[in-house]
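Below are the chains, spelled out letter by letter.
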Number of protein chains: 2
Amino acid sequence: MDTTRLAPQTGAGFVLRAGQSLTVVDPTGGQVSDFYCVLADDHDEWLSSGRTIDYANSTLVTTGTVLYSNRSTEMAVVVDDTCGRHDFLLTPCSQQTFDLLYPEFEGAYHPSCFENLATSMGPLGVDPDRIGTTLNIFMNVWAERDGELHIDPPTSVAGDRFVLEARADLVVGLTACSAEKSNGGVCKPIDYRIDG
Amino acid sequence: MDTTRLAPQTGAGFVLRAGQSLTVVDPTGGQVSDFYCVLADDHDEWLSSGRTIDYANSTLVTTGTVLYSNRSTEMAVVVDDTCGRHDFLLTPCSQQTFDLLYPEFEGAYHPSCFENLATSMGPLGVDPDRIGTTLNIFMNVWAERDGELHIDPPTSVAGDRFVLEARADLVVGLTACSAEKSNGGVCKPIDYRIDG
């Protein structure tokens, strides 16, 4: 397929078949893309950050990392990564993220990855309560030894790519992240392509 | 209620009502206890590690930390903590944990927190697929800046306690962790008590 561009603060949902690859590109640099998936034929089997980082013994995913489900099924494997920093600790941003962490918005409606994932995966039958901790592609998070989190601007530069190969049929949600603080202050687009 | 002792590598399930407190004590020192919960009247609302650490801006939970659900509801708050190091990144140990990370067991059956949570919460109506990343009380995990995880022996000493107060009616699962490497080589008991 051709490359699809996600406008800033939007998302998309689609089916990724076993063996197909998903290429996520940061076209401008410095932009996060949240990824989530469930098994296409059983939405009670979902992407598990806990199992993935446990089995990889790393909070970072990169080329070679297998993405596991809550039942320890191999859902996908990372086959290419030109950036090297992606977060798998934090929740997709949600209205509550902005309510709690962006007091400057005074509780006003704000687009969010959670809303965009729910809206995009909903027509494919995925209940919003099945959406857990996302793989936050290009998001630059690290923790001090005392636990304090640092959300730094992404290190991705224009054209950086992150490529997954599906190992099962998946329903996928993908966003161009809506949270200003995670994206160096400005929300930008994300490109993606499915091959195979 | 009186204190209940969980034998090594076992678990328990129970209802914790809003306002009640749960005290988890490490009676010998150096022992992890996995905690998970869902809302008592809607199991599709579950404990979210991603939202909790995001809103706390820390991977560590301690006195004052609010435990959030996937819908950003306040499920519980930590009201006392004499240890200070608890993990909220990793999955409960499961049969697959031992299959993948303990080659010395050669794939043989091994007790696990996931099995103990599923067995304990199951009679209270909780589907195993609702069990996500646990709060691993007394588990000593930290990550290098490059993502590498270190699972060190717990820093807890005999009598250390961790106390939660429920902010909603919860179905809780609690274990004495079954994974030798997380517990300084030997799996030991855990004590707990419900007050209020």
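For chain A, an unreviewed UniProt entry supplies the name DUF1989 domain-containing protein and the organism Humibacillus xanthopallidus.

Trainee: Looking at this structure, I do not really get unusual backbone geometry. What am I missing?
Mentor: With glycine set apart, most residues show a phi of negative sign, and most peptide bonds adopt trans. Residue and element names in this part refer to chain B. Of note, the phi angle at Gln9 is positive, near 60°, even though the residue is not glycine. Here the phi dihedral of Glu106 falls at roughly 50°; this positive angle occurs in a residue that is not glycine. You can see Glu106 is positioned in the loop between α2 (95-101) and α3 (113-121).

Trainee: Would you mind showing me how to read the sheet that holds strand β3 (residues 21-26) of chain A here?
Mentor: Think of a sheet as strands paired side by side through backbone hydrogen bonds, with each pair either parallel or antiparallel. All names here are of chain A. Across the sheet, which stays open at both edges, the six strands sit in the order β1-β13-β3-β11-β7-β6 with antiparallel pairing between neighbours. Only two strands of the sheet have a single partner each, and these edge strands are β1 (4-6) and β6 (66-68). Within the sheet, the average angular offset between the axes of one strand and its neighbour, ignoring direction, is 25°. In this structure, β6 lies alongside strand β7 (residues 74-81), joined through three bridges in antiparallel fashion. What sits directly across from Leu67, in β7, is Ala76.

Trainee: It is not clear to me how the UniProt feature "domain: DUF1989" (unreviewed entry) in chain A should be interpreted in this structure. Could you clarify?
Mentor: Taken from the UniProt record, the annotation "domain: DUF1989" (unreviewed entry) applies to residues 5-171 of chain A. Overall, residues 5-171 of chain A shows 14% helix and 34% strand. The separation of its end C-alpha atoms is 19 Å.

Trainee: Teacher, can you tell me more about the pattern of salt bridges here?
Mentor: Any two side chains of opposite charge can pair, given that their charged atoms come close. Applying the stated rule across the entire model yields 20 salt bridges over all chains. Across the pair Arg145(A) and Asp152(B) runs a salt bridge whose closest N-O atoms are separated by 4.0 Å. Pair noted here: Arg145(A) is in the loop between β9 (140-143) and β10 (149-152) and Asp152(B) is in strand β10 (residues 149-152), and the two residues belong to different chains. Asp80(B) serves as the salt-bridge partner of Arg161(B), at 2.6 Å between the closest nitrogen and oxygen. Taken together, the residues span a long stretch of sequence, with Arg161(B) in strand β11 (residues 160-166) and Asp80(B) in strand β7 (residues 74-81) at a distance of 81 residues. Asp80(B) sits in the partly exposed class, given a relative accessible area of 24%. Each of Asp42(A), Glu45(A), Arg71(A) and Asp129(B) takes part in one network of salt bridges that share partners.

Trainee: Looking at this structure, how should I read the environment of Leu22(A)?
Mentor: All names here are of chain A. Relative to the helices and strands, Leu22 is located in strand β3. Residue classification places Leu22 among the buried positions, given a relative accessible area of 0%. The spacing of Leu22 and Ala76 is 54 residues in sequence and 9.9 Å in space, taken between C-alpha atoms. Apart from residues lying up to four places away in sequence, Leu22 is in contact with Phe14, Leu16, Phe35, Phe162, Val163, Leu164, Val172, Tyr192, Arg193 and Ile194.

Trainee: Looking at this structure, how should I read the state of the cysteines?
Mentor: Here, disulfide denotes a covalent bond that connects the sulfur atoms of two cysteines. Across all of its chains, the model carries zero disulfides over all chains by this definition. Cysteine Cys187(A) remains unbridged, with the sulfur of Cys177(A) as its closest cysteine sulfur at 6.2 Å. Cysteine Cys83(B) shares no disulfide, and the gap to the nearest cysteine sulfur, in Cys177(B), comes to 14 Å. A relative accessible area of 18% means that Cys83(B) is categorised as buried.

Trainee: Where do I start with the relation of the copies chain A and chain B in this structure?
Mentor: Between the two copies of the chain lies a relationship made up of a rotation around an axis and a movement along it. When chain A is fitted to chain B, the residual RMSD is 0.0 Å, and the transformation amounts to a turn of 180° plus an axial shift of 0.0 Å. Taken together, the rotation and translation relating the two chain copies correspond to the operation of a two-fold axis. Both copies contact each other with a shared surface, as 100% of the interface residues of chain A are interface residues in chain B too.

Trainee: When you look at the interface of chain A and chain B in this model, what are you seeing that I'm missing?
Mentor: When the parts of a complex come together, some accessible area is lost, and that lost area is often taken as the interface size. Taken together, the contacts link 39 residues of chain A with 39 residues of chain B. Carbon and sulfur atoms make up 49% of the surface buried where chain A meets chain B, a total of about 3500 Å² over both sides. The interface formed by chain A and chain B holds six salt bridges in total. A salt bridge links Asp44(A) to Arg130(B); its shortest N-O distance comes to 2.8 Å. Counting across the interface, chain A meets chain B through 24 residue pairs in polar contact (both at pLDDT 80 or more). Elements with a contribution of two residues or more to the side of chain A that touches chain B: β5 (42-46), α1 (49-56), α2 (95-101), β9 and β10 of chain A. Top element by residues in the side of chain A that touches chain B is α1(A). It accounts for six residues. Split into classes, the residues belonging to the side of chain A that touches chain B amount to 14 nonpolar, 14 polar and 11 charged.

Trainee: What is the right way to look at the pairing of β10(A) in this model?
Mentor: Working note: regular strand, side chains alternate between the two faces of the sheet. Residue and element names in this part refer to chain A. Pairing of β9 with β10, which is carried by four bridges, proceeds in the antiparallel orientation. Within β10, the residue paired with Val141 across the bridge is Ile151. In this structure, the hairpin formed by β9 and β10 is closed by a connection of five residues, where Gly147 is found at a positive phi of approximately 95°.

Basis of the calculations
- Residues numbered from 1 in each chain as written.
- Chains lettered and ligands numbered in written order.
- Predicted model: local features only at pLDDT ≥ 70, side-chain atom pairs only at ≥ 80, totals over all residues.
- Heavy atoms only, no water.
- Helix = DSSP H or I, 4+ residues; strand = E, 2+ residues; numbered from the N terminus.
- Pairing = 2+ DSSP bridges.
- Axes fitted to C-alpha atoms, helices over the stretch in contact; angles between N-to-C directions.
- UniProt positions renumbered as here; feature names shortened; annotations may be inferred.
- Salt bridge = Lys/Arg side-chain N within 4 Å of Asp/Glu carboxyl O.
- Buried < 20%, exposed > 50% of the residue type's maximum accessible area, 1.4 Å probe, protein only.
- Contact = heavy atoms within 4.5 Å.
- Disulfide = S-S within 2.5 Å.
- Least-squares fit on C-alpha atoms with pLDDT ≥ 70 in both.
- Buried area = accessible area lost by both parts, 1.4 Å probe.
- Polar contact = N/O pair within 3.5 Å; in protein donor to acceptor, adjacent residues only side chain to side chain.
- Nonpolar A, V, L, I, M, F, W, Y, C, P; charged D, E, K, R; others polar.

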